[in-house]
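Examining the three-dimensional arrangement
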Amino acid sequence: MLAGAPGQNQLLCFWTCFVNSRIEVFSGMHLSKKCSVFKVVLSALLIVALLQLIYLSFLSRFHGKQQRFRYSELFGGSAAKKNAHPEKNTRKERLRYSLSTGGIFDNSGQYRVYKNLIKSDFTTNQKPGSHSNSDILTLATHTTINNLHHLESLLERWQNPLSVAIFAHGEDVKFATALVYALSFFCPQIQALVDFHLVCLSGETAGFPEQDQEHFVGLEDCASVFSRLETHRDKYQNYAISGNISYPNNLLRNVARGGTESSYILVIDIDMMPSADLHQQFLGMILRRPPANEEVFVLPAFEIRHARKIPSTKAELVQLYQVGEVRPFYEELCPRCQAPTNYSQWVNSHVRETGTLEVAYTLNWVDPWEPFYIGARIVPLYDENFKQYGFNRISQ
């Protein structure tokens, strides 16, 4: 666009020169020669502009061809057959198979569940019931498509197996299917560690998105997929999806839990962030201190100011807590739901610099405590009759 301004100036000079040249018919040829120079310059600029237009047109066609190839690589076609990657085709066929089953209905018959819609390489390589599952802690979470962008930072922090249950409704069923497949295709760490499960209304079905190119224009790598999810983040809210559709959070928690064979599971919301190195620290702790029956390990949850960096250690967290930059989870919304955690005792307990995770103190559950915790697979499931917002985890 910078070339446009000189072009305008030259055009104005040309018209001025044209008028002067008519006057020069009576007074000489000096200005006429100067005008000829400006005409040459203007012609050169016009040629450059024409070449730029041709170049931009070429780029546009080339980009379109790239997008068609990328789409065919994702979902099949002649280009994909010539340049096929066996592991990508296997992933695609697994998705086709998962969708072809039609999913299963939940106990209420109101929802259709596609368990393991897309399996991670980690889960695919695990043998059911194998001893190796005993030393694995999986993080289970749930979301709608508008909050799926949180997965990027969550996985970067966790860097271990993740089970994600997604609720979609209406057109978002197609969008969710397409985007989670794109995530598993373009993002190596998601391919390696993340299992996706899809939940929709019982009258809706998910389909393979091979005839739907609109969601894939511009997708070229992992970053571009997350950018697309960012643009979708404000379309709906979790608890106000298209009118009277209720968000089945407890069903989603159970689906995410049931999608893993790990011995230990941590269930949190997708916009929460676990402590750094929690996976390794927890597995090290239970080797030193095996859990008793009917025992879970509560993780105190906090809310932090949006602009603040997430602390990496308890010492950093306590420092922010003392200056009011973090506060107990739900301190304003439902303080009694988290009060039994006894935040004061936890904050004031001795912060040891041993680099190991330890049990700070032991509590019994009291109503209406809704803690976030790590528990064994035998922990009871959540009551799926509870939906929407408020007092849903208490139902376990």
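An unreviewed UniProt entry lists the protein chain under the name Beta-1,4-glucuronyltransferase 1, with Xenotaenia resolanae given as the organism. In UniProt, the protein chain has this text filed under Sequence similarities (unreviewed entry): "Belongs to the glycosyltransferase 49 family."

In terms of regular secondary structure, the protein chain is built from 14 helices and 10 strands. Put simply, 74% of the contacts in the protein chain that link residues at least 6 apart link residues at least 24 apart. For the protein chain, the exposed surface amounts to about 22,200 Å²; the carbon and sulfur share of it is 55%.

Across the sheet, which stays open at both edges, the eight strands sit in the order S1-S2-S5-S4-S3-S6-S10-S7 with mixed pairing between neighbours. Only two strands of the sheet have a single neighbouring strand rather than two, namely strand S1 (104-105) and strand S7 (297-298).

Evaluated as defined, the whole model comprises seven salt bridges. Linking Glu 93 and Arg 96 is a salt bridge whose minimum nitrogen-to-oxygen distance equals 3.7 Å. Of this pair, Glu 93 and Arg 96 both sit in helix H4 (residues 86-100), three residues apart, which is roughly one turn of the helix. Residue class for Arg 96 comes out partly exposed when judged on its relative accessible area of 27%. Of the charged contacts, one joins Arg 253 and Asp 269 as a salt bridge, the two residues approaching to 3.6 Å between their closest N and O atoms. With Arg 253 in helix H10 (residues 249-258) and Asp 269 in the loop between strand S6 (264-267) and helix H11 (278-288), this residue pair connects regions lying 16 residues apart in the sequence. Taking the relative accessible area as the measure of exposure, Arg 253 reaches 3% and is therefore buried. By relative accessible area, which is 15% here, Asp 269 ends up buried. Each of Glu 303, Arg 327 and Glu 332 takes part in one network of salt bridges that share partners.

A covalent bond between the sulfur atoms of two cysteines is what we call a disulfide. Throughout the structure, instances matching the rule amount to two disulfides. Across a sulfur-sulfur distance of 2.0 Å, Cys 187 and Cys 222 are joined as a disulfide pair. Looking down the S-S bond of the Cys 187 and Cys 222 bridge, the torsion is 100°, so its handedness is right-handed. In this pair, Cys 187 sits in the loop between helix H7 (171-186) and helix H8 (188-193) while Cys 222 sits in helix H9 (residues 222-231), placing the two residues 35 residues apart along the sequence. With a relative accessible area of 21%, Cys 222 lands in the partly exposed category.

This part covers the pairing of strand S10 (residues 373-376). Note: S6 against S10, three bridges, orientation antiparallel. Bridge pairing links Tyr 264 to Ala 376 in S10. Both S7 and S10 contribute to a ladder of two bridges, which runs antiparallel. Bridging across to S10, Val 298 finds its partner in Tyr 373.

Taking 1.5 Å of rise per residue, 16 residues should cover 22 Å, and H7 covers 23 Å from first to last C-alpha, within 8% of that figure. Among the 16 residues of H7, 14 are classified as buried, and the element is accordingly described as predominantly covered.

Looking at the secondary structure, you find Ser 262 in the loop between H10 and S6. A polar contact is formed between the side chain of Ser 262 and the side chain of Thr 260, at a distance of 3.0 Å.

Right, let's talk about the pairing of strand S3 (residues 137-144) for a bit. Among the eight residues in S3, eight count as buried, and that is most of the element. Burial along S3 is two-sided: Leu 137, Leu 139, Thr 141 and Thr 143 facing one way and Thr 138, Ala 140, His 142 and Thr 144 facing the other are all buried. Direction of pairing for S3 relative to strand S4 (residues 162-167): parallel, over a ladder of six bridges. Bridge assignment links His 142 to a residue of S4, and that residue is Ala 165. Each parallel crossover has a hand, and for S3 linked through helix H6 (residues 151-158) to S4 it is right-handed.

Right, let's talk about the packing of aromatic side chains for a bit. Counted under the stated rule, the structure contains 11 aromatic pairs. For the ring pair Tyr 264 and Phe 282, a centre distance of 5.4 Å and an interplane angle of 75° mean the geometry is edge-to-face. Of this pair, Tyr 264 sits in strand S6 while Phe 282 sits in helix H11, and the two are 18 residues apart along the sequence. Each member of the pair, Tyr 264 together with Phe 282, is buried.

Moving on: the nonpolar core. Within the largest apolar cluster, 68 residues are counted, with the highest numbers of intra-cluster contacts made by Leu 148, Leu 151, Leu 183 and Phe 196. If one sorts the elements of this core by residue count, H7 sits on top with 11 residues. Ignoring any residue separated from it by four or fewer positions in sequence, one finds Leu 183 in contact with Leu 148, Leu 151, Ile 190, Phe 196, Val 225, Phe 226 and Leu 229.

With that settled, the discussion passes to the packing of H7 against H9. To describe two helices that pack against each other, one gives the angle between their axes and the distance between the axes. Running from amino to carboxyl end, H7 crosses H9 at an angle of 155°, the nearest separation of the two axes being 9 Å. Classified by the interaxial angle, the pair formed by H7 and H9 is roughly antiparallel. Of the two elements, H7 crosses H9, and the hand of that crossing is left-handed. Residue-level contacts link Phe 175, Leu 179, Ala 182, Leu 183 and Phe 186 of H7 to Cys 222, Val 225, Phe 226, Arg 228 and Leu 229 of H9. Across the contact of H7 with H9, the residue classes break down as nine nonpolar, no polar and one charged.

Moving on: a nonpolar patch on the surface. A cluster of nonpolar side chains, contributed by Ile 47, Leu 50, Leu 51, Leu 53 and Ile 54, occupies part of the molecular surface with about 520 Å² of accessible area. Mapping Leu 50 onto the fold places it in helix H2 (residues 30-75).

Conventions and cut-offs
- For every chain, the first residue of the written sequence is number 1, and numbering continues from 1 along that sequence.
- Owing to the predicted nature of the model, reporting of local features is limited to residues with pLDDT of at least 70; listing and counting of side-chain atom pairs is limited to 80 or more, with chain, interface and lining totals taken over all residues.
- With hydrogens and water stripped out, all remaining heavy atoms of the structure feed into the side-chain values.
- UniProt positions are given in the numbering used here, feature names are shortened, and annotations may be inferred rather than shown by experiment.
- Numbered from the N terminus, helices here are DSSP runs of H or I no shorter than four residues, and strands are runs of E no shorter than two.
- By the convention used here, residues are in contact when the closest approach between their heavy atoms is within 4.5 Å.
- Here the open area of atoms and residues is found with the Shrake-Rupley method and a 1.4 Å probe, where only the protein chains shown may cover a residue.
- Here a strand pair is declared whenever DSSP counts at least two bridges between the two strands.
- When a carboxyl oxygen of Asp or Glu lies within 4 Å of a side-chain nitrogen of Lys or Arg, that pair is called a salt bridge.
- Only protein chains enter the accessibility calculation, which uses a 1.4 Å probe; a residue is then buried when its area is under 20% of its type maximum, exposed when over 50%, and partly exposed in between.
- The disulfide criterion used throughout: a pair of cysteine sulfur atoms within 2.5 Å.
- To estimate how far a helix should extend, the number of its residues minus one is multiplied by 1.5 Å.
- Any pair of N or O atoms that falls within 3.5 Å is considered a polar contact. Within protein, one atom must be able to donate a hydrogen and the other to accept it, and sequence-neighbouring residues count only if both atoms are side-chain atoms.
- The path from the first strand over the helix to the second decides the hand: if it runs clockwise while the strands point away from the viewer, the crossover is right-handed.
- Centres within 6.5 Å make a pair out of two Phe, Tyr or Trp rings, where for Trp the six-membered ring is used; the pair is then stacked when the planes are under 30 degrees apart, edge-to-face when over 60, and tilted otherwise.
- Residue types Ala, Val, Leu, Ile, Met, Phe, Trp, Tyr and Cys, when buried and joined through side-chain atoms within 4.5 Å, form a set referred to as a nonpolar core.
- For helices, the axis comes from a line fit to the C-alpha atoms of the stretch in contact; other axes are also lines fit to C-alpha atoms, and the angle between any two N-to-C directions lies between 0 and 180 degrees.
- Working rule for angles: under 35 degrees goes down as roughly parallel, over 145 as roughly antiparallel, 65 to 115 as roughly perpendicular, anything else as oblique.
- In a left-handed crossing the near helix is turned counterclockwise from the far helix by less than a right angle, and in a right-handed crossing that turn is clockwise.
- Residues are grouped as follows: Ala, Val, Leu, Ile, Met, Phe, Trp, Tyr, Cys and Pro are nonpolar; Asp, Glu, Lys and Arg are charged; every other residue, Gly included, is polar.
- Surface patches are drawn from residues lacking salt bridges whose relative accessible area is over 30%; two like charges belong together within 9 Å, two nonpolar side chains (Val, Leu, Ile, Met, Phe, Trp, Tyr) within 5 Å.

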